[in-house]
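A structural walkthrough
Below, each chain spelled out in residue letters.
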Amino acid sequence: MPHPTSAGRRLHRPVLDWYAAHQRDLPWRLPQRSPWGVLVSEVMLQQTPVARVLPVWERWMSLWPSPSDLAAATPGDAVREWGRLGYPRRALRLHAAAAAIRDAHGGAVPGDEATLRTLPGVGDYTAAAVAAFAFGARATVVDTNVRRVHARAVTGDALPAPALTRAEVDLATALLPDDDTDAATWNVAVMELGALVCTARAPRCAECPVAHLCRWRLAGSPTYDGPPRRGQRWEGTDRQCRGRMVQLLRDSPGPVSGAQLRAVWEDEAQRDRCLDALVADGLVEPLEGDRFRLPG
DNA sequence: TAAGCGTGGCT
DNA sequence: TAGCCAAGCTT
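- Named according to an unreviewed UniProt entry, chain A is Adenine DNA glycosylase originating from Ornithinimicrobium tianjinense.
- Quoted verbatim from the Sequence similarities (unreviewed entry) field of UniProt, the annotation for chain A is "Belongs to the Nth/MutY family."

Rendered as structure tokens:
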């Protein structure tokens, strides 16, 4: 069997050509977009579909076209504009990142992965993505789409394991084209292929440019046989409780009373625990006289 | 390392 | 229908 890397190199041209023909024209990919716009998009896209991000990104960028603009707003403003994207702590962290960019980086989004990685809410994936997409850097970008494409096309598995492994990162690094410009395009092209064609359920193999090379297909498209994925419960969870309280605050122009806040959840112990946690997280600010608001 | 953290669309 | 899933990060 050939080394995975040499097999992988045969994927380059078909995937790059497919991307040239089928890429979506997303606003954070336009030539005139700023590194800040890319960073905002990457944070918003963490666990959130493109369609839901689009309108929020547009408004966010019109309100706060630079990191310093966001840093000048309150954290509560950021949480309110975040709307229903979910995981509102991301809005808080993006606000904190903007302040760090203003205070420690002269107001300009840093271009190297290591510095990006120090920003709140920026992990390995987001640091690599911003370096690659905003600055054209040679970076190993591994998100859930990339993992799935590699798992199928190269490794021959239906789906990647629940958690990212070192082997996957090493494979992704080995698969990067030698040419820097091709490498930059490759990163976004593999992600796009995973998002549009090599999807988690019902992959569109008939439209795939590398179906003839895909080890998973060549093995007869076996079903996933890895460790079970832990499904997230929702009904009755702290997350649902927290979501209701933040939604009430978000939809209220000013502070709300403790009575209003408590009315969104029956279970008293759970409600109190969640409210305490929201305050500890900085998503809710307690005021005098049993009143609460988004952080000011 | 695994669990916690929102929200809504899709099958 | 009820899971499953979506450009992850933090602790």
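Concerning the UniProt feature "domain: HhH-GPD" (unreviewed entry) in chain A
- On the UniProt side, "domain: HhH-GPD" (unreviewed entry) is annotated at positions that read residues 44-196 here.
- With 66% helix and 0% strand, residues 44-196 has its two end C-alpha atoms placed 19 Å apart.

As for the sheet that holds strand S1 (residues 256-257)
- The 3 strands are arranged S1-S3-S2 in an open sheet whose pairing can be described as antiparallel. Both outer strands of the open sheet, S1 and strand S2 (285-287), are each paired with one neighbouring strand and no more.
- Taken together, the 3 bridges between S2 and strand S3 (residues 291-293) define a ladder with antiparallel strand orientation. Bridging from a neighbouring strand, Glu 285 pairs with Arg 293 of S3.

Quick notes on the protein's contact with DNA strand C
- Every one of the 28 residues lining DNA strand C counts as a neighbour, but Leu 45, Gly 121, Thr 126, Asn 145 and Arg 148 are closest to it.
- Near the protein, meaning within 4 Å, the atoms of DNA strand C are sugar or phosphate in a fraction of 66%, with bases accounting for the rest.
- Between DNA strand C and Trp 28, the relevant distance is 2.9 Å, taken from a base nitrogen to a side-chain nitrogen or oxygen of the residue.
- A distance of 3.4 Å is found between a phosphate oxygen of DNA strand C and a backbone nitrogen or oxygen belonging to Thr 144.
- Secondary-structure elements contributing two or more residues to the surface near DNA strand C are helix H9 (124-135), helix H10 (144-155) and helix H12 (180-196).
- Its residues assigned to classes, the surface near DNA strand C comprises 10 nonpolar, 9 polar and 9 charged.

Conventions used here
Residues numbered from 1 in each chain as written. Chains lettered and ligands numbered in written order. Predicted model: local features only at pLDDT ≥ 70, side-chain atom pairs only at ≥ 80, totals over all residues. Heavy atoms only, no water. UniProt positions renumbered as here; feature names shortened; annotations may be inferred. Helix = DSSP H or I, 4+ residues; strand = E, 2+ residues; numbered from the N terminus. Pairing = 2+ DSSP bridges. Near = heavy atom within 4 Å. Polar contact = N/O pair within 3.5 Å; in protein donor to acceptor, adjacent residues only side chain to side chain. Nonpolar A, V, L, I, M, F, W, Y, C, P; charged D, E, K, R; others polar.

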